[in-house]
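Structural characterization, general
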Amino acid sequence: MSVEPRVNDQIRAREVRLVGPEGEQVGIVPIERALQLAADVDLDLVEVAPMARPPVCKLMDFGKFKYESALKAREARRNQQQTIIKEMKLRPKIDQHDYETKKGHVVRFLKAGDKVKVTIMFRGREQSRPELGYRLLRRLEEEVSELGFVEAAPKQDGRNMIMVLAPNRATKAVGRGAKSDDDAPVEAEEAAQPVAES
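The notes below deal with the structure included here. None of the values given here were measured: they were computed from a predicted structure. (Residues numbered from 1 in each chain as written. Predicted model: local features only at pLDDT ≥ 70, side-chain atom pairs only at ≥ 80, totals over all residues. Heavy atoms only, no water.)

1. Topic: the overall build of the chain
Basically, it comes down to this: The secondary structure listing takes helices from DSSP runs of H or I that are at least 4 residues long and strands from runs of E that are at least 2 residues long, numbered from the N terminus. Think of it in three bands: with a 1.4 Å probe and only protein chains considered, a residue is buried below 20% of the maximum accessible area for its type, exposed above 50%, and partly exposed in between. Note on contacts: a residue pair is in contact if any heavy atoms of the two residues lie within 4.5 Å.
Assigned secondary structure in the chain consists of six helices and eight strands. Its helices and strands in sequence order give the chain the pattern β-β-α-β-β-α-β-α-β-α-β-β-α-α, from N to C terminus. The buried share of the chain, taken over its 198 residues, is 28%. Contacts in the chain between residues far apart in sequence, at least 24 positions, make up 58% of those at least 6 positions apart.

As structure tokens, then:
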């Protein structure tokens, strides 16, 4: 199904409500008269409101209209923010050092403005102890609470327990800015400062 408006001979209505090239109302005219007016001013007759009774048509340069519409659509896509969901997998009996490493990744993802899906994987007899995974997820939630909040509470999904963390609004704004900023000059300035001799 085409979403492009009907133009000139594609318009099937017997009469249309015509709008001039400057937006002025011409009135309800037969389609033949509207097409003749369009030909006289070397413009296209474009159906802008096909569901109206009678349909509303406007005299315009259709090629220019399509080009401007494409530009607007491209600009809208450029301004959209892509939501990225990162995944972090843990085991219920994770070692403290490994836990700190994984927590560091979660913190980095949240600071960058991304959501994090935290998955606890149960194997064998661990499946009979879901409270271990629940406790681990709660601990992680508390430790990253200043950066993010729980968007989806912990829930059992087969052999896994899943929780989704989303960045706080302030964190998200800072994270998006940090992705575009260049931190190298600041480090260079700090390195360039003279060291006082004793």
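2. Structural notes on the side chain of Lys103
Within the secondary structure layout, Lys103 lies in helix α3 (residues 96-111). Of the residues examined, Lys103 reaches a relative accessible area of 18% and is grouped as buried. In this structure, Lys103 is in contact with Leu140, Glu143 and Val144, ignoring residues within four places of it in sequence.

3. Let's talk about the sheet that holds strand β4 (residues 56-60)
Backbone-to-backbone hydrogen bonds pair the strands of a sheet. The strands run either parallel or antiparallel. Quick reminder of the rule: Criterion used throughout: strands pair if DSSP finds at least two bridges between them. Geometry is summarised by axes, namely lines fitted to C-alpha atoms with helices restricted to the contacting stretch, and by angles between N-to-C directions that run from 0 to 180 degrees.
Ordered in space as β2-β1-β4-β3, the four strands form an open sheet in which the pairing is mixed. This sheet does not close on itself; its edge strands, each paired only once, are β2 (25-30) and β3 (44-49). The mean angle between the axes of side-by-side strands here comes to 35 degrees, regardless of whether they run parallel or antiparallel. Across five bridges, the pairing between strand β1 (residues 15-19) and β2 is antiparallel. Looking at the pairing, Val19 lines up with Gln25 of β2. Against the sheet, helix α1 (residues 31-40) engages β1, β2, β3 and β4, with an angle of about 130 degrees to β2.

4. A short note on unusual backbone geometry
The step from Arg53 to Pro54 runs through a cis peptide bond, and the omega angle for that step is -5 degrees. As for its placement among the helices and strands, Pro54 is situated in the loop between β3 and β4. For Asp42, which is not glycine, the phi dihedral falls at a positive 60 degrees. On the secondary structure map, Asp42 appears in the loop between α1 and β3.

5. Observations regarding the packing of α3 against helix α4 (residues 130-143)
Spelled out, the test is: Reported orientations rely on four angle classes, namely roughly parallel under 35 degrees, roughly antiparallel over 145, roughly perpendicular from 65 to 115, and oblique for the rest. It is the rotation of the near helix from the far one that decides the hand of a crossing: anticlockwise by less than a right angle makes it left-handed, clockwise makes it right-handed. The classification used treats Ala, Val, Leu, Ile, Met, Phe, Trp, Tyr, Cys and Pro as nonpolar, Asp, Glu, Lys and Arg as charged, and all other residues, Gly among them, as polar.
For the pair α3 and α4, the least separation of the axes is 11 Å and the interaxial angle reads 50 degrees. As judged from the angle between their axes, α3 and α4 are oblique. For the element pair α3 and α4, the recorded crossing hand is right-handed. Two secondary-structure elements touch here, α3 through Gln96, Tyr99, Glu100, Lys103 and Val106 and α4 through Leu136, Arg139, Leu140 and Glu143. Here the residues of the contact of α3 with α4 are counted per class, giving four nonpolar, one polar and four charged.

6. Quick look at the pattern of salt bridges
Where we set the bar: Salt bridges are counted wherever a side-chain nitrogen of Lys or Arg sits within 4 Å of a carboxyl oxygen of Asp or Glu.
Going through the model one piece at a time under the given rule, you end up with seven salt bridges. A salt bridge links Glu143 to Arg139, with the nearest nitrogen and oxygen atoms 3.3 Å apart. One end of the pair is Glu143 and the other is Arg139, both in helix α4 and four residues apart, which spans about a single turn. For Glu143, a relative accessible area of 28% puts it in the partly exposed group. For Arg139, a relative accessible area of 30% corresponds to the partly exposed category. Salt bridges sharing partners connect three or more residues here, namely Glu100, Lys103, Arg139 and Glu143.

7. Structural notes on helix α2 (residues 62-79)
Residue pairs spaced three or four apart in an α-helix point in one direction, given the helix's 3.6 residues per turn. The following threshold applies: Multiplying one less than the number of residues by 1.5 Å gives the expected span of a helix. We call two N or O atoms a polar contact when they sit within 3.5 Å, provided that within protein one can donate a hydrogen and the other can accept it, with sequence-adjacent residues counted only if both atoms are side-chain atoms.
The end-to-end C-alpha distance of α2 is 26 Å, a good match for the 26 Å that 18 residues give at a rise of 1.5 Å each. Backbone nitrogen of Gly63 and a side-chain oxygen of the N-cap are separated by 3.2 Å at the start of α2; the cap is Asp61.

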